[in-house]
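Commentary on secondary and tertiary structure
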Amino acid sequence: MNSRLKSLGVVLVIIGIAFVAGGGFAFMKTQEGAKSLQAFSAAQNVTLTYNEAGQLVDGGKVEEAQAIMSLLTNDWGFPVVASDLTPNDPVVNTASEYMYQMATINYHTLHGTQTVVLDKDVTAANGQVYKAGTYEFPIAGRYWSAFDRSNPIEAAARAQAWTGVAHGLIAELGVGTVTASTLQMGLGLAALFGALGGTFILMGLGLVWATRPETVKAPALRPVLNPA
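Summary of the structure given here. Bear in mind the structure is a predicted one, so any value in this text is a computation, not a measurement.

Parameters and conventions
- Residues numbered from 1 in each chain as written.
- Predicted model: local features only at pLDDT ≥ 70, side-chain atom pairs only at ≥ 80, totals over all residues.
- Heavy atoms only, no water.
- Helix = DSSP H or I, 4+ residues; strand = E, 2+ residues; numbered from the N terminus.
- Rg over C-alpha atoms; globule rule 2.2 N^0.38 Å.
- Buried < 20%, exposed > 50% of the residue type's maximum accessible area, 1.4 Å probe, protein only.
- Contact = heavy atoms within 4.5 Å.
- Areas by Shrake-Rupley, 256 points an atom, 1.4 Å probe, with all protein chains shown as cover.
- Lys, Arg positive; Asp, Glu negative; His and termini not counted.
- Charge placed at Lys NZ, Arg CZ, Asp CG, Glu CD.
- Pairing = 2+ DSSP bridges.
- Expected span 1.5 Å × (residues − 1).

**Digging into the overall build of the chain**
Scanning the chain for helices and strands turns up five helices and six strands. If you list the helices and strands of the chain from N to C, you get α-β-β-α-α-β-β-β-β-α-α. The C-alpha radius of gyration of the chain comes to 33 Å, more than 25% above the 17 Å expected for a compact globule of 228 residues. Reported as C-alpha extents along the three principal axes, the dimensions of the chain are approximately 140 × 45 × 30 Å. Scored against the burial criterion, the 228 residues of the chain give a buried share of 32%. Sequence-distant contacts in the chain: of pairs separated by 6 or more residues, those separated by 24 or more amount to 63%. For the chain, the exposed surface amounts to about 14400 Å²; the carbon and sulfur share of it is 62%. The centroid of the 13 positive side-chain charges in the chain is displaced by 23 Å from the centroid of its 16 negative side-chain charges.

**Thoughts on the pairing of strand β3 (residues 113–118)**
Here is the key point about a regular strand: its side chains alternate between the two faces of the sheet. Only one face of β3 is buried, namely the one carrying Q114, V116 and L118, since none of T113, T115 and V117 on the opposite face is buried. Pairing geometry for β3 and strand β6 (residues 133–138), over six bridges, is antiparallel. Residue pairing across strands places V117 opposite T134, the latter belonging to β6.

**Overview of the environment of L37**
Secondary-structure assignment places L37 in helix α1 (residues 2–44). Its relative accessible area of 8% is what places L37 among the buried residues.

**Considerations on helix α3 (residues 95–110)**
Between its first and last C-alpha, α3 extends 22 Å over 16 residues, near the 22 Å set by a 1.5 Å rise per residue. Most of α3 sits inside the fold, with 15 of its 16 residues counted as buried.

Now the structure itself:
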């Protein structure tokens, strides 16, 4: 029985070593990805702006940054990690920072005003006539799909507000968010593999130790007194 338990212990140690090796490999690859993401963000020089008090600002205003954060956390329901936003590391390289930057682009697009010029009168499908002229059209929180394209003014304002550049930046930031989140999951898996491997090794060594042969001490010999 002891030999079987000892063999099981050895097997557990081997399995544990394999898990630790897997965790180490996952950690190494995660660190490589994190360094690449950091280098990519630094090369683009995409940073967040903080004031002297360490508060996020947009256009020099704390209120604007708070409105952007409200869009991100309240409207979109994204769980921002406060520790990811630090003035000591303003380069955008964490999931929260990428999402905040994405919210910044959306916020300014949603709250902008577009100048639409109709060169000539336009008759809509419903028969309404839109006179030639210059119109100031507030976006007023409209996303791409919320415009009435049968209205020539709204159709033009949509194209001017939600440009290909805006969509491209949002898509790129979305990829950065997913990448950063995936790297965090990778770190978690590496830690899990390492902990599981350590547990197997501990259990295996425990079984080997418990089944070791015990040394039986011989009883001490007592001198026999000669009655003669």
